[in-house]
Amino acid sequence: MLNPYQDLPGTVSIVEVGPRDGWQNVAEFIPTRRKIDMINAFSACGFAEIEVTSFVSPRAIPQLRDAAEVFAGIDRVPGVVYSALVPNERGLKQALAAGVDKLVFFISASETHNRENLGQGIAQTLAGIERMMASIGSVKPVRVAVSNVFGCPFEGKVPPERVAELLEKLVALGIREVTLCDTLGVATPGQIFSVLSYLDTCGFESDFGLHLHDSCGRALAGVVAGLQGGITRFDSSLGGLGGCPFAPGAAGNLATEDLVFCLEEMGIKTGVSRDLILQAAGMLEKNVDQLAGHMLSFLRGCHKP
Ligand code: MG
């Protein structure tokens, strides 16, 4: 008998990236108290991890200028990892002072995007990551998010060989956990599977996650390609909020509610409560003024339990 799911994992972990990746794209500043209340609601949903904020320069991303206050204000639920993006040593100091559970460094697979996004070349960013790794030792878990793995707004397709080269350098720095990001939302399911197959032939022992955007409605198809390629950790954002401030026109992130409902219907456990994420999405609608209201209304229509 046919069983399309026989080789897929039984359990998947979800990193809710909305508070960082989604909210940084909302033009109007979301008041700190509202952010804290929403993150507290997200904490009850069963996510393995919540990317709470980013310790970037407030000039670069004013929306997240309250990173330290948000961290200080949230109620941490045991078992949930509260992580934050850290761009440099200055951000690292702030993140450590805030008691962040996991540090997320980032780098681009494309030299031009890295220069546009971080104002420096890949080699310089790697050197910065090396210094940060040396200064934290094994005190905190670390993940690196590699952007533009499947394509770059400036350079077009990024060859998987180049991605593998960068991953080798990260492994050499002691980085085990890596998220492969389709920052632009250009990846097709076929491409995702072929990149993962290529990386598999390279023999990496890294723990790979996937960060997808929903261009042309492809995110969920990409998830299935990811599952087939051995991925068991996905980033997603409640309400599908988020683009990329440096990749104009990028579609929203893979929506958490879509991901959870899809996986659970396939018999894959996420640990996330469907009822609670719908409640959290309702809270998001109330608290984020510029949210595309139709998106969430649609969501509640199509995901009625
Ligand atoms: Mg994103």
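Residues numbered from 1 in each chain as written. Predicted model: local features only at pLDDT ≥ 70, side-chain atom pairs only at ≥ 80, totals over all residues. Heavy atoms only, no water.

A. Fine view of the pattern of salt bridges. With the rule as written, the count across this model stands at 16 salt bridges. The shortest N-O distance in the salt bridge between Arg143 and Glu51 comes to 3.1 Å. You can see Arg143 sitting in strand β5 (residues 142-147) and its partner Glu51 sitting in strand β2 (residues 49-54), a full 92 residues away along the chain. Summarising the burial analysis for this pair, Arg143 and Glu51 share the class buried. Shared partners join several salt bridges into a network, and the residues in it are Arg20, Asp21, Glu49, Glu51, Lys102, Arg143, Glu177, Asp207 and Arg233. (Salt bridge = Lys/Arg side-chain N within 4 Å of Asp/Glu carboxyl O. Helix = DSSP H or I, 4+ residues; strand = E, 2+ residues; numbered from the N terminus. Buried < 20%, exposed > 50% of the residue type's maximum accessible area, 1.4 Å probe, protein only.)

B. Seen up close, the pairing of strand β8 (residues 233-236). Burial of β8 is two-sided: the residues Arg233 and Asp235 facing one way and the residues Phe234 and Ser236 facing the other way are all buried. Where strand β1 (residues 13-16) meets β8, four bridges bridge the pair, whose relative direction is parallel. Opposite Ile14, over in β8, you have Phe234 as the bridge partner. Note: strand β7 (residues 207-211) against β8, two bridges, orientation parallel. Following the sheet pairing, Leu210 is matched in β8 by Phe234. (Pairing = 2+ DSSP bridges.)

C. Focus on the nonpolar core. In this structure, Phe105, Val146, Leu167 and Leu180 are the most contacted members of the largest nonpolar core, which totals 84 residues. Sort the elements by how many residues they give to this core and helix α6 (residues 122-136) lands first, with six residues. Leu85, Val104, Phe106 and Ala145 belong to the second largest nonpolar core, which has five residues in total. (Core = buried A, V, L, I, M, F, W, Y, C linked by side-chain atoms within 4.5 Å.)

D. Fine view of helix α7 (residues 160-172). Over its 13 residues, α7 runs 18 Å from end to end, which matches the ideal 18 Å to within 8%, given 1.5 Å per residue. Buried residues of α7: Val163, Ala164, Leu166, Leu167 and Leu170, and no others. The buried residues of α7 occupy an angular sector of 165° when projected down its axis, which confines them to one face. Two residues or fewer after α7 comes Gly174, characterised by a positive phi angle close to 90°. (Expected span 1.5 Å × (residues − 1). Arc of directions from axis to C-beta.)

E. Focus on the sheet that holds β7. Ordered in space as β1-β2-β3-β4-β5-β6-β7-β8, the eight strands form a closed barrel in which the pairing is parallel. Averaged over all pairs of adjacent strands, the angle between their axes in this sheet comes to 25°, without regard to strand direction. Sheet strands touched by helix α2 (residues 32-43): β1, β2 and β3 (81-85). Its angle to β2, the strand with the most contacts, is close to 160°. (Axes fitted to C-alpha atoms, helices over the stretch in contact; angles between N-to-C directions. Contact = heavy atoms within 4.5 Å.)

F. Inspection of unusual backbone geometry at higher detail. We note that Asn148 has phi near 60°; this positive angle belongs to a residue other than glycine. The residue Asn148 is located in the loop between β5 and α7 in this model. Relative accessible area serves as the criterion here: at 0%, Asn148 is assigned to the buried category. You will see that Cys216, though not glycine, has its phi angle at about 55°, which is positive. For Cys216, the position within the fold is in the loop between β7 and α9 (219-228). On the accessibility criterion, Cys216 (70% relative accessible area) is exposed.

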